[in-house]
Amino acid sequence: MKKFSLLFGFVILFAIHSNANIVNVRILTTKVIRSFIFSPLGGNYAIYGDGVLLSDFDPTGIFQMTLEGNAIRLKTFEKDLGRFYNIKMISREPEASFKIKSINPQSKVRTYDGNVEVKLHTDNLQLLLVNSVDLEDYIAGVVESEGGRGSNLEYYKIQAILCRTYLLAHLNRHIQEGFEICDDVHCQAYASKASEDDIIQAVLATKGQVVVDNNLNLITAAFHSNCGGETCNSEDVWAISKSYLKSVKDTFCTSQSQAHWQRDISLEDWKSYLQLKQNNSKGKTPPMITSFNQAYGRAVYLEDKGLKIPLKNIRNDFKLKSTFFSIEQIGDSIKFKGRGYGHGVGLCQEGAMEMARQKYSYEYILHYYYKDVSLVDVSALSYFRQE
Ligand SMILES: [Zn+2]
Ligand SMILES: [Zn+2]
């Protein structure tokens, strides 16, 4: 790892922290919310309607908010508190959390940390719910929502750092809409606050850490399920070259669940496909390619007698699990024998999980898959951004 520690020790002193650790996340993004119930889970909340503290309520109560014309009706079980354009539930304690249950449309109860603001969506047909949450609490929620459960602590640390890196690189994504990031897979899945201890521990242990390249830019933290034994250069898959997304050999994933796949395609379909791709010399019979292998490393093209097809196109066209395949003719079909699952760029998840099980550290694993990168504290980064 590059030694930035002295430099960063210095700049952290000068880093400005104004709201830097709070993230504004739109929650229940994919639902058109017209009515929902809010209730505190731990800690008390103060409720504000159009900026005014509504003191006449039980702070541990249950509140229903319903879209009504161009405003929001706020009610408790006992009382109608009026109509507002903007309602804020602000926690009175730092560790407070709350429950949300959508009533229209119906949905399951979800739990969140932090505060929530409710306003009208610009389409005037739904409510917009924005959860203002501590950055680290948000990261824990994302790791649990995206990574599932049952991994080990060291692997969760990697996920935490990559989720944090992604977040910081995408904070402006929804700024025009009145929030920073959404809770859908469009940004990062964030279904609720985290509950698994190992995830919470992993986020805490890597607090503030993000991955940057040589120019201190947050990296595009690409990852995939299984590389099949060798990751890809980003330029071979997306036509964008990144210094840290370079092909590496990986022996850790080759016995994992997504390491191998097979697929048969009829000879007839394969012939038609090659004919289709032979579009430069219409009418000419394309070369019949019935054998191809990548036994000694990944290729980028299937190439023979003037016909050259990018493997990524073949993968797309036949919905194959990866571009890391060999082909052979068996009878009247073409057999694809493939390795890995996914685009193959960046971190190989099954390889990283296996390395974590074999007690490699999260720092080692990150540097294994991302070349010439550094782990830095986000507060140091915000200092550089303000310069
Ligand atoms: Zn989004
Ligand atoms: Zn791999």
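Here the residue numbers are simple positions, counted from 1 along each chain's written sequence. Written order determines the labels here, with chains lettered from A and ligands numbered from 1. In view of the model being predicted, local features appear only for residues whose pLDDT reaches at least 70, and side-chain atom pairs are presented and counted only at 80 or more, with totals across whole chains, interfaces and linings using the full set of residues. Working from all heavy atoms in the structure, the side-chain values ignore hydrogens and water.

S.K.: Help me out: how do you make sense of the environment of D213 in this one?
M.R.: A run of H or I in DSSP counts as a helix once it spans at least four residues, and a run of E counts as a strand once it spans at least two, with each numbered from the N terminus. Mapped onto the fold, D213 is located in the loop between β14 (209-212) and β15 (223-224). Expressed as a C-alpha distance, the spacing of D213 and D372, which sit 159 residues apart in the sequence, is 6.7 Å. Polar contacts, as counted here, are pairs of nitrogen or oxygen atoms within 3.5 Å of one another; within protein the pair requires one atom able to donate a hydrogen and one able to accept it, and residues that are adjacent in sequence qualify only if both atoms are side-chain atoms. Within the structure, the side chain of D213 is placed 2.9 Å from the backbone nitrogen of N215, a separation counted as a polar contact.

S.K.: Help me out: how do you make sense of the coordination of the zinc ion (ligand 2) in this one?
M.R.: In a perfect tetrahedron of four donors around a metal, the angles come out at 109.5 degrees. In a perfect octahedron of six, they are 90 or 180 degrees. Around the zinc ion (ligand 2), the protein contributes the donor atoms C227 (SG), D250 (OD), C253 (SG) and C348 (SG), at 2.1 to 2.3 Å from the metal centre. Each metal site lists N, O and S donors within 2.8 Å (3.2 Å for Na, K and Ca). With water left out of the atoms, a site can look as if it is missing ligands. A site with four donors is called tetrahedral when every donor-metal-donor angle falls between 85 and 135 degrees; four donors are called square planar, and six octahedral, when opposite donors sit more than 155 degrees apart and all other angles fall between 65 and 115; any other arrangement is irregular. Geometry at the zinc ion (ligand 2) is tetrahedral, judged from the four donor atoms that bind it and their angles of 102 to 121° at the metal. Read from N- to C-terminus, the donor residues coordinating the zinc ion (ligand 2) fall into the pattern C-x22-D-x2-C-x94-C. Note that D250 is positioned in the loop between α5 (234-238) and β16 (260-266) and C348 in strand β22 (residues 347-348), a separation of 98 residues in sequence. For the pair D250 and C348, a shared accessibility class is recorded, and that class is buried. Relative accessible area decides the class of each residue, using a 1.4 Å probe on protein chains only: under 20% of the type maximum gives buried, over 50% gives exposed, and in between gives partly exposed.

S.K.: What am I meant to see in the coordination of the zinc ion (ligand 1) here?
M.R.: Looking at the metal site, the zinc ion (ligand 1) is ligated by H174 (NE2), C182 (SG), H186 (ND1) and C187 (SG), spaced 2.0 to 2.3 Å from it. Its four donor atoms give the zinc ion (ligand 1) angles of 101 to 116° at the centre, a pattern that matches the tetrahedral case. Site description for the zinc ion (ligand 1): donor spacing in sequence, H-x7-C-x3-H-C. With a relative accessible area of 5%, C187 lands in the buried category.

S.K.: Which parts of the structure should I look at to understand the domain arrangement of the protein?
M.R.: It is common to give the size of an interface as the accessible area that goes away when the parts come together. Marked domain ranges trace back to an automatic or database domain assignment. Split by domain assignment, the protein resolves into domain 1 (1-5 + 134-219 + 374-387), domain 2 (33-125) and domain 3 (260-339). For domain 2 versus domain 3, the distance between C-alpha centres works out to 56 Å.

S.K.: Would you mind showing me how to read the packing of aromatic side chains here?
M.R.: Both the distance between ring centres and the angle between the ring planes are used here to describe each pair of aromatic rings. We call Phe, Tyr and Trp rings a pair once their centres come within 6.5 Å, taking the six-membered ring for Trp, and we label the pair stacked below 30 degrees between planes, edge-to-face above 60, and tilted otherwise. Enumeration according to the criterion identifies 20 aromatic pairs in this entry. Arranged with centres 6.4 Å apart and planes meeting at 25°, the rings of Y364 and Y368 form a pair that is stacked. Of the two residues, Y364 and Y368 both sit in helix α9 (residues 362-369), four residues apart, roughly one turn of that helix. Classification of Y364 as partly exposed rests on a relative accessible area of 44%. By relative accessible area, Y368 is classed as buried at 18%. Aromatic rings pair up to connect F38, Y45, F63, F98, Y112, Y138 and Y190 into one cluster.

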